[in-house]
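# Examination of the molecular architecture
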Amino acid sequence: GRSYSGCSRFSSRIICGDCGGIFGHKTEHSKSIYRKDVLRCNNKYKTGYYCHTPSILAVDIENAFIKAFNELAKNRESVIKYIEKEIINIFDIDILDKSIITKEAELSSIRKSIESLIEENSRVMQDQKQYQSCYNLLEKNYTAVKRDLDELVQEKTDKEQRLSAIKLYIQKLKEIPTFIDKFSTRLWNLVIDVAIVNKDKTVTFIFKDGQKQTFPL
């Protein structure tokens, strides 16, 4: 029915402000005339949780989103300027690139030391315990530096992906309507990162640029 499709359209982006769980579709009072389909924290009645966030109707989230979206659309020029000036700088990767180059050089140096140690051991008689001790130390250093390098490369990849998403978000912001009076799944997916339902029956929308708006449900 309409209520189920209305619940599922939110793509698991409605989050419990009490425990961090995801809101899902539930049917309350299923055997009475007061039966209704709602959204509720999936952890609400699990042992160790009992969240205090309320059950909500899909239509209430939709109406709150319409208000939040119209507020965003009204101020989109300043939002875009803010993102371009402040947010994008967060994803600058110049420092990361320098750190990666440094770690790569360090790794290369250790690798050459290991190769030199092995080569020398193959042609010159030496104390094997001392050789093994030196080898183990170099290998330990190599593993530590390689781990640091992998983390830096992953951080760079994450920042590049996030920056690409932010740039796409800016482009889409420039194309959004200035006003809506009906809920749009496409616009929801475009601008909303998550919606957090709070214990006081308000919802805090977190947009994909990190900005927040809170409305009563």
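Residues numbered from 1 in each chain as written. Predicted model: local features only at pLDDT ≥ 70, side-chain atom pairs only at ≥ 80, totals over all residues. Heavy atoms only, no water.

## Things to note about the overall build of the protein chain
For clarity, the threshold we go by: Runs of E in the DSSP output that reach at least two residues are strands. Runs of H or I that reach at least four are helices, and both are numbered from the N terminus. Between the two quantities, the radius of gyration covers C-alpha atoms and the globule rule is 2.2 Å times the number of residues to the power 0.38. Only protein chains enter the accessibility calculation, which uses a 1.4 Å probe; a residue whose area is less than 20% of its type maximum is buried, one above 50% is exposed, and one in between is partly exposed.
The helix and strand tally for the protein chain stands at 6 helices and 6 strands. Ordering the α and β elements of the protein chain from the N terminus gives α-β-β-β-α-α-α-α-α-β-β-β. In terms of overall dimensions, the protein chain is more spread out than a globule: its C-alpha atoms have a radius of gyration of 27 Å, far above the 17 Å expected for 217 residues. The dimensions of the protein chain, computed from C-alpha atoms along their principal axes, are 90 × 45 × 30 Å. Within the protein chain, the proportion of its 217 residues that are buried is 36%.

## Description of the packing of helix H3 (residues 76-90) against helix H5 (residues 128-173)
Here is the rule: Axis lines are fitted through C-alpha atoms, for helices just across the contact stretch, and the angle between N-to-C directions can take any value from 0 to 180 degrees. Angle categories are assigned with fixed cut-offs, so that under 35 degrees is roughly parallel, over 145 is roughly antiparallel, 65 to 115 is roughly perpendicular, and the rest are oblique. Less than a right angle of anticlockwise turn of the near helix away from the far helix marks a crossing as left-handed, whereas a clockwise turn marks it as right-handed. Whether two residues are in contact is decided by their heavy atoms, any of which lying within 4.5 Å being enough. Residues are grouped as follows: nonpolar covers Ala, Val, Leu, Ile, Met, Phe, Trp, Tyr, Cys and Pro; charged covers Asp, Glu, Lys and Arg; every other residue, Gly included, is treated as polar.
It is the contact of H3 with H5, at a shortest axis distance of 10 Å, that shows an interaxial angle of 165 degrees. As summarised for this structure, H3 and H5 are arranged roughly antiparallel, according to the angle between their axes. Crossing angle aside, the handedness with which H3 passes H5 is left-handed. Packed against H3, whose contacting residues are Arg 76, Val 79, Ile 80, Ile 83, Glu 84, Ile 87, Ile 88 and Ile 90, the element H5 presents Lys 159, Leu 163, Ile 166, Tyr 169, Ile 170 and Leu 173 at the interface. Looking at side-chain class alone, the contact of H3 with H5 contains 11 nonpolar, no polar and 3 charged residues.

## So, the side chain of Ser 184
Let me state the cut-off plainly: Side-chain atoms alone can form a polar contact between residues adjacent in sequence; in general such a contact is a pair of N or O atoms within 3.5 Å, and within protein one must be able to donate a hydrogen while the other accepts it.
For Ser 184, the position within the fold is in the loop between H5 and helix H6 (185-191). At a separation of 3.1 Å, a polar atom in the side chain of Ser 184 contacts the main-chain amide nitrogen of Leu 187.

## Quick word on H3
Two residues of an α-helix separated by three or four positions point the same way, owing to the 3.6 residues in each turn. Quick note on the threshold: To estimate the expected span of a helix, count its residues, drop one, and scale the result by 1.5 Å. Fitting axes to the seven residues ending at a residue and to the seven starting there, one defines the bend at that residue as the angle between these axes.
Given a rise of 1.5 Å per residue, 15 residues ought to cover 21 Å, and the 20 Å separating the end C-alpha atoms of H3 matches this to within 8%. Of all the bends in H3, the greatest measures close to 35 degrees and is centred on Ile 83. Of all the residues in H3, the buried ones are Arg 76, Val 79, Ile 80, Ile 83 and Ile 87. Tucked into the core, H3 has its buried residues touching helix H2 (58-74) and H5.

## Digging into the packing of aromatic side chains
To be explicit about the condition: Aromatic rings from Phe, Tyr and Trp, taking only the six-membered ring of Trp, are treated as a pair when their centres fall within 6.5 Å; an angle between ring planes under 30 degrees marks them as stacked, one over 60 as edge-to-face, and anything in between as tilted.
In this structure the tally under the stated criterion is 9 aromatic pairs. Ring centres 5.7 Å apart and planes at 70 degrees place the aromatic pair Phe 10 and Phe 183 in the edge-to-face group. In this pair, Phe 10 sits in the loop between helix H1 (2-8) and strand S1 (14-16) while Phe 183 sits in the loop between H5 and H6, placing the two residues 173 residues apart along the sequence. Residue Phe 10 shares its accessibility class with Phe 183, and that shared class is buried. These aromatic residues form a ring-pair network of at least three members: Phe 10, Phe 65, Phe 69, Phe 183, Trp 188 and Phe 205.

## Things to note about the environment of Leu 190
By the secondary structure assignment, Leu 190 is in helix H6. Of the residues examined, Leu 190 reaches a relative accessible area of 16% and is grouped as buried. Considering only alpha carbons, one finds Leu 190 and Ile 176, 14 residues apart in sequence, at a separation of 9.5 Å. Apart from residues lying up to four places away in sequence, Leu 190 is in contact with Tyr 169, Lys 172, Ile 176 and Lys 208.

## Side note on the confidence of the model for the protein chain
Filter applied, for reference: For every residue, the predictor states its confidence as a pLDDT score lying anywhere from 0 to 100.
Summary statistics for the protein chain give a mean pLDDT of 89 and a share of 96% for residues scoring 70 or more. Taken as a whole, residues 1-6 scores under 50 in pLDDT and shows 5 contacts with residues more than four places along the chain or in a different chain.

## Comments concerning the state of the cysteines
Formally: In this description, the term disulfide denotes a pair of cysteine sulfurs within 2.5 Å.
In the structure shown here, the tally under the stated rule is 0 disulfides. Its sulfur unpaired, Cys 19 is 3.3 Å from the next cysteine sulfur, which belongs to Cys 51. Its relative accessible area of 2% is what places Cys 51 among the buried residues.

## Considerations on the nonpolar core
Basically, it comes down to this: Definition used in this section: a nonpolar core is a set of buried Ala, Val, Leu, Ile, Met, Phe, Trp, Tyr and Cys residues joined via side-chain atoms within 4.5 Å.
With 41 residues, the main nonpolar core has Phe 65, Leu 173, Trp 188, Val 191 and Phe 205 as its most contacted residues. Looking at which element gives the most residues to this core, the answer is H2, with 9 residues. Look past the residues within four positions of Val 191 in its chain and what remains in contact with it is Phe 65, Phe 69, Leu 72, Tyr 169, Leu 173, Ile 206, Phe 207 and Lys 208. Formed by 12 residues, the second largest nonpolar core is a distinct cluster that contains Ile 110, Tyr 131, Leu 138 and Val 145.

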